[in-house]
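# Structural characterization, general
Each chain, letter by letter, is given below.
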Amino acid sequence: MIQLKLYGREYCGLCLVMRDLLQQQAQAAGFELEWIDIEDIDHLEEKYGEWVPVLAGSDGVEICHYHLDQAALDAYIANFR
């Protein structure tokens, strides 16, 4: 199963929208989603700051940020099939 990480903040509206969209399609698309709240993790806050939400693969490849780029996500997942 493909592992994806979503970096964001609990109070970020864009983050919550992207998380909900990804959770809705995770099982059918064949990926697991890990939510990571960067608020109290200094090195992630420095890395992602105002770019959240950031969707990345477990390999560190950034797939998209701010809004879900479905084409980019589909292309990333296709690399594992």
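Provided above is the structure to which this section pertains.
This structure is a prediction, so every number in the text was calculated from the model and none was measured.

## A short note on the pairing of strand β1 (residues 2–8)
Within β1, five of the seven residues are buried, leaving the element largely enclosed by the surrounding structure. In the sheet, β1 pairs with strand β2 (residues 31–37) via seven bridges, with the strands oriented parallel. Paired with L6 across the strands is W35, a residue of β2. Between the parallel pair β1 and β2, the chain is carried across by helix α1 (residues 13–29), and the sense of this crossover is right-handed. In the sheet, β1 pairs with strand β3 (residues 54–57) via four bridges, with the strands oriented antiparallel. Across the sheet, L6 pairs through a bridge with L55, a residue of β3.

## Section: the pattern of salt bridges
Evaluation of the coordinates by the stated rule reveals three salt bridges. Across the pair E39 and R9 runs a salt bridge, and its minimum N-O distance is 3.1 Å. Placement of E39 in the loop between β2 and α2 (42–48) and of R9 in the loop between β1 and α1 is noted, with a sequence separation of 30 residues between them. Judged by its relative accessible area of 35%, E39 falls in the partly exposed class. For R9, a relative accessible area of 5% gives the class buried. Between E45 and R9 there is a salt bridge; the shortest N-O distance is 2.6 Å. Linking E45 in helix α2 with R9 in the loop between β1 and α1, this pair joins segments that are 36 residues apart in sequence. Sharing partners across several salt bridges, the network here consists of R9, E39 and E45.

How each quantity is defined
Throughout this description, residue numbers start from 1 for each chain and increase along the sequence as written. Only residues with pLDDT of 70 or above have their local features reported here, since the model is predicted, and side-chain atom pairs are shown and tallied only from 80 upward, although totals for entire chains, interfaces and linings are computed over all residues. With hydrogens and water stripped out, all remaining heavy atoms of the structure feed into the side-chain values. Relative accessibility under 20% of the residue-type maximum defines a buried residue, over 50% an exposed one, and the middle range a partly exposed one, all with a 1.4 Å probe and only protein chains included. In DSSP terms, a helix is any run of H or I states spanning at least four residues, a strand is any run of E spanning at least two, and both are numbered starting from the N terminus. Strand pairing is assigned whenever DSSP detects at least two bridges linking the two strands. Handedness of a crossover is defined as follows: with both strands directed away from the viewer, a clockwise route from the first strand across the helix to the second makes it right-handed. We define a salt bridge as a side-chain nitrogen of Lys or Arg found within 4 Å of a carboxyl oxygen belonging to Asp or Glu.

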